[in-house]
Amino acid sequence: MRLSHRVLVLDATLKQVFSTVADEEEAAYAALRASGELEGWTLGTYWRVERGNGALVPVTLWTADGGLRDFVTVTLQRAFAPPDGLPGVAWTGREPIWCQDVTQDVRFLRADLAARHGLHGGLFVPVPGGGQVHGVLELLSREPRKDREADEAMANALGNHLGRFLDRLHYVEAEHTRVEALLSLWDADLLGLFISDVHGRVLEANPTLLRMLGYSRQDVREERLSWPVLTPLRERVVTESTLRRLRTDGLFHSHEGTLLRKNDSGVPVLLGSTGLGEGRVVTFALDLSDWKPAETTPAREADARLHSLITHAPVVLFSLDRDGIVTLSEGHGLETLGFRPGQVVGISIFDLYRAEPALLAHVRRALSGEEFFSMVPLSSGLMYETHWVPLRDPEGRLVGTLGLAVDVTQREREARWRAQLFAEAEEARAAAEQMVRVRDEFLSVASHELKTPLTSLSLQLHTLLKRARQGTRPEDAESVQRLEKAQRQLHKLARMMDELLDVSRLAEGRLRLELSDVDLVQLVREVLERFQEEAQRTRSRLELKAQGPVVGRWDRTKLEQVVTNLVSNALKYGAGAPVEVQVQSSGAMALLEVTDHGIGIAPEDLERIFGKFERAVPVRQYGGFGLGLYIVRQLVEALGGGVDAESTPGAGATFHLVLPLAGPESRLGPPPPQAGLH
């Protein structure tokens, strides 16, 4: 149970620190520092393999000991290639390495220096992610390590947390680069770009297109541009057919056409479109005016169109005769395949790709006269989306096939990678939910089992305390003090067990309300009376401010628990100052305020403190599970009300609670807001 608690504390700490860091070095330093402060490590280093020479080099280093300056200097200047050194072994094996005393392990290449500085315990944690190891976290301590199981459990949690963070960071950086590239293309003076909807209306256009066609941004805003406006009548049928197919199955098409300027003159362009989803299409237009003579014959015009298409489009254009002999091989995309334009003309495709049976199956299908689209993966890892079109002579006889292939390797890799990340995220979420269920079940069983011996012990203490108070010997007075102290600790332990039971009931949905008429003022007065002894011990004064009864229909036991938790919280953090409780009614609602004048709460923690196992103060200094305010909010919301807090650090805190007098069934809308109740 202690180990589980330590892992939960480390998880919560890492989630908090990772929310504020921006890069790998900051994240690694924060992880080393959090692990060092929570688990008693003295020094931590994050090692990463440089891509150029494959050597492990230190990226960042944290230490809590200023006397390790020489060791720090040597470490930051050190580099070695895996699997040399314990970090290198952890990198190569992808498993944490636990070392009771690094000075006794020949694999630790700084053993002599560590011995001189009194460093012994060691833990070397690989940071996994995305099919690779991002780096290795090295943790060293003054004392030899003793609990291997606990250290390795913490190591797995630490490495996995940092690895997931770095995966997300790299994904965000890749997405940012992709977006920046698209924005650069949009603003570049290379292509005219515009986005249209399913009705052909132009929704946005880049400056290059507006300049090319003589339109203004105002024309776009006033929806004056559309495919029918920009396309000559003779080309509208072809254009609309292309866009309809693009909207239906997302296929890429590029063709040469004409766009109309504002003065109705035509601009020869190479057009290509792709779907953006949600019925939107992005189209590029490459101005071909510079490649076209002012006066051309039909044959030259056809040659110019073909040349522009195959030279500038990122595709492979090819044709085969009936026997599979290559008769045309052009396009900028040939470079990826390692060919030059025209290099393979006259060679049989069955000889070129004899090691690619999947591709040849599509070739045979195309040579049979079928028109279709295919996704062809090659053994080299490249993947092509190909449009196969039958070629026929003037009499309609099949003479071969024409193919247009587009390299979609990167797109498919990214799609698989995103799918893998999603699957891993789903698996991690399911595992986390299972861990939460197991934890809640364990807390429920443990709390129930502990209640019985606690009850028996409480009765025995009560009997012993009664006898001691009746005694007349001098030592009886000392026994009374010790027994009263033990009884207070037992009551504190019993309250903690009750909190765990309440949390398990809430998690399992077993909370039941027994409603009756309750005077909130009288209930508060009884709770304060029970706390008088504790208030005297902490030198705090309890004050109740109320003008008369405030009666509502609530569950008395649950409401008493809410008031008890708030008053106990105020005494605990009130630093011996007065605690003021005010009860009043606004007609339909009851208002309860509990104010202390103690240490206060930081603004960023005001909402977080109502979460499960959340705290705004150190555990060792104040103790407890961090469940009291979580239970308060859950019970108050079950009673139809709301609760929030306001505070100034160093000047105390005030908790505001509102409840409908008619009870929880009267609440017709959503729960009350969680801030600004007062």
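Conventions used here
Residues numbered from 1 in each chain as written. Predicted model: local features only at pLDDT ≥ 70, side-chain atom pairs only at ≥ 80, totals over all residues. Heavy atoms only, no water. Helix = DSSP H or I, 4+ residues; strand = E, 2+ residues; numbered from the N terminus. Buried < 20%, exposed > 50% of the residue type's maximum accessible area, 1.4 Å probe, protein only. Contact = heavy atoms within 4.5 Å. Arc of directions from axis to C-beta. Polar contact = N/O pair within 3.5 Å; in protein donor to acceptor, adjacent residues only side chain to side chain. Salt bridge = Lys/Arg side-chain N within 4 Å of Asp/Glu carboxyl O. Pairing = 2+ DSSP bridges. Axes fitted to C-alpha atoms, helices over the stretch in contact; angles between N-to-C directions. Patch = residues over 30% accessible without salt bridge, like charges linked within 9 Å, V, L, I, M, F, W, Y side chains within 5 Å. Areas by Shrake-Rupley, 256 points an atom, 1.4 Å probe, with all protein chains shown as cover. Lys, Arg positive; Asp, Glu negative; His and termini not counted. Charge placed at Lys NZ, Arg CZ, Asp CG, Glu CD. Core = buried A, V, L, I, M, F, W, Y, C linked by side-chain atoms within 4.5 Å. pLDDT = per-residue confidence, 0-100. Left-handed = near helix turned anticlockwise from the far one by under 90°. Nonpolar A, V, L, I, M, F, W, Y, C, P; charged D, E, K, R; others polar.

*Asks:* How should the overall build of the chain be read in this particular structure?
*Replies:* Scanning the chain from N- to C-terminus turns up 21 helices and 22 strands. By residue count, 44% of the 678 residues in the chain fall in the buried class. Long-range pairs, those at least 24 residues apart, make up 56% of the contacts in the chain between residues at least 6 apart in sequence.

*Asks:* Which parts of the structure should I look at to understand helix α17 (residues 520-530)?
*Replies:* If you check which residues of α17 are buried, you get Leu-520, Val-521, Leu-523, Val-524, Val-527 and Leu-528. Taken end-on, α17 shows its buried residues confined to a sector of 160°, consistent with a single buried face. At the N-terminal boundary of α17, the capping side chain belongs to Asp-519, with an oxygen 3.0 Å from the backbone nitrogen of Val-521.

*Asks:* Sorry, what's going on with the pattern of salt bridges here?
*Replies:* Think of it this way: side chains of opposite charge can pair up when their charged atoms draw near. Taken as a whole and assessed by the stated rule, the structure comprises 23 salt bridges. A salt bridge links Glu-526 to Arg-556, with the nearest nitrogen and oxygen atoms 2.6 Å apart. Of this pair, Glu-526 sits in helix α17 while Arg-556 sits in helix α19 (residues 556-573); the two residues are 30 residues apart in sequence, bridging distant segments of the chain. With a relative accessible area of 31%, Glu-526 lands in the partly exposed category. Close ionic contact of Asp-555 with Lys-558 constitutes a salt bridge, the shortest N to O distance being 3.8 Å. Like Asp-555, the residue Lys-558 is buried in the burial classification. Linked through salt bridges whose partners overlap, the residues forming this network are Asp-219, Glu-222, Arg-224 and Lys-262.

*Asks:* Would you mind showing me how to read the environment of Arg-537 here?
*Replies:* Considering the arrangement of structural elements, one finds Arg-537 in helix α18 (residues 532-537). Sequence-wise, Arg-537 and Gly-576 are 39 residues apart; in three dimensions their C-alpha atoms are separated by 9.1 Å.

*Asks:* Would you mind showing me how to read the sheet that holds strand β4 (residues 121-129) here?
*Replies:* The strands making up a sheet associate through backbone hydrogen bonding, with each pair oriented either parallel or antiparallel. Pairing in this open sheet of five strands is antiparallel, and the strands run β2-β1-β5-β4-β3 from one edge to the other. Because the sheet does not close on itself, it has two edges, and the strands there are β2 (56-63) and β3 (97-99). Averaged over all adjacent pairs, the angle separating strand axes in this sheet is 15°, with direction ignored. Pairing analysis gives five bridges linking strand β1 (residues 43-49) to strand β5 (residues 132-141), with the strands arranged antiparallel. Note on β5: the bridge partner recorded for Leu-43 is Leu-140. Against the sheet, helix α2 (residues 24-39) makes contact with β1, β2 and β5, and its axis sits at roughly 50° relative to β2, the strand it touches most.

*Asks:* Quick question: what am I supposed to make of a negative patch on the surface here?
*Replies:* A cluster of acidic side chains, namely Asp-23, Glu-25, Glu-26 and Glu-173, defines a negative patch on the protein surface. Looking at where Asp-23 falls in the secondary structure, it is placed in the loop between α1 (2-18) and α2.

*Asks:* Would you mind going over helix α4 (residues 85-93) with me for this structure?
*Replies:* Since the α-helix turns once every 3.6 residues, residues separated by three or four places project in the same direction. Looking at α4, one finds that the buried residues are Gly-85, Leu-86, Pro-87, Gly-88 and Ala-90. Turning to α4, the residues buried within the fold contact β1, β2, β3, β4 and β5.

*Asks:* What is the right way to look at the side chain of Thr-103 in this model?
*Replies:* Structurally, Thr-103 is set in the loop between β3 and α5 (111-116). At 3.4 Å, the side chain of Thr-103 and the side chain of Gln-104 are in polar contact. What Thr-103 contacts, discounting residues up to four positions off in sequence, is Ala-111, Ala-114, Ala-115, Leu-119 and His-120.

*Asks:* What is the right way to look at the nonpolar core in this model?
*Replies:* Burial of nonpolar side chains together is a common tendency in soluble globular proteins. In terms of nonpolar packing, the biggest core is built from 44 residues, with Leu-520, Trp-554, Leu-566, Val-567, Leu-592 and Phe-655 touching the most fellow members. Put simply, the parts of the chain that give this core at least two residues each are α17, α19, β19 (579-585), β20 (589-596), α21 (628-638), β21 (642-647) and β22 (653-660). The element best represented in this core is α19, accounting for seven residues. Residues in contact with Leu-592, not counting those within four places in the same chain, are Leu-520, Val-524, Val-563, Leu-566, Val-581, Gln-582, Val-583, Phe-655, His-656 and Leu-657.

*Asks:* Any chance you could explain the sheet that holds β22 here in plain terms?
*Replies:* Across the sheet, which stays open at both edges, the five strands sit in the order β17-β19-β20-β22-β21 with mixed pairing between neighbours. The open sheet has two edge strands, β17 (542-545) and β21, and neither has a second partner. Each neighbouring strand pair of the sheet contributes to a mean axis angle of 15°, computed without reference to strand direction. Where β17 lies against β19, four bridges are found, and the strand directions are parallel. Among the inter-strand pairings, Leu-544 is bridged to a residue of β19, identified as Val-581.

*Asks:* Explanation requested: unusual backbone geometry in the structure shown.
*Replies:* With the exception of glycine, most residues fall at negative phi, and the peptide bonds are largely trans. With omega at 5°, the peptide bond leading from Pro-82 into Pro-83 counts as cis. By secondary structure assignment, the location of Pro-83 is in the loop between α3 (69-76) and α4. Its identity as a non-glycine residue notwithstanding, Glu-223 has a phi of 55°, on the positive side. Within the secondary structure, Glu-223 sits in the loop between α8 (217-221) and α9 (227-230). In this structure Glu-223 comes out as exposed when scored by relative accessible area, which is 52%. Non-glycine residue Asp-264 carries a positive phi angle of around 75°. Looking at where Asp-264 falls in the secondary structure, it is placed in the loop between β8 (253-260) and β9 (266-277). When its relative accessible area of 62% is taken as the criterion, Asp-264 is described as exposed.

*Asks:* Honestly, the confidence of the model for the chain in this entry has me stumped. Any pointers?
*Replies:* Interpreting fine coordinate detail is not advised for predicted regions of low pLDDT. Residues at a pLDDT of 70 or more form 82% of the chain, whose mean pLDDT is 80. Ranking the helices and strands of the chain by mean pLDDT puts β20 first, with 94, and helix α20 (residues 619-622) last, with 48. In this model residues 666-678 is a low-confidence stretch, pLDDT under 50, and it forms 25 contacts with partners more than four residues away in sequence or in other chains.

*Asks:* Would you mind showing me how to read the pairing of β5 here?
*Replies:* Remark: a regular strand shows side chains that alternate across the two faces of the sheet. Most of β5 is tucked away: nine of the 10 residues are buried. Here β4 folds back onto β5, and the loop between the two strands holds two residues, one of which, Gly-130, carries a positive phi near 60°.

*Asks:* Just checking my understanding: could you explain the packing of α19 against α21 for this structure?
*Replies:* Packed helices, taken two at a time, are described by the angle between their axes plus the distance between the axes. Between α19 and α21, the least distance of the axes is 9 Å, while the angle of their chain directions is 145°. At the point where α19 passes α21, the crossing takes the left-handed sense. Contacts from Lys-558, Gln-561, Val-562, Asn-565, Leu-566 and Asn-569 in α19 reach Gly-628, Leu-629, Ile-631, Val-632, Leu-635 and Val-636 in α21. Along the lines of polarity and charge, the residues of the contact of α19 with α21 split into seven nonpolar, four polar and one charged.

*Asks:* Explain the side chain of Ser-647 to me, please; I cannot follow it from the model alone.
*Replies:* The residue Ser-647 is located in strand β21 in this model. The class of Ser-647 is buried, set by a relative accessible area of 18%. At a separation of 2.7 Å, a polar atom in the side chain of Ser-647 contacts the main-chain amide nitrogen of Ile-601. Separated by 2.8 Å, the side chain of Ser-647 and the backbone oxygen of Gly-652 make a polar contact. In contact with Ser-647, other than residues within four places in its own chain, are Gly-600, Ile-601, Leu-606, Gly-652 and Ala-653.

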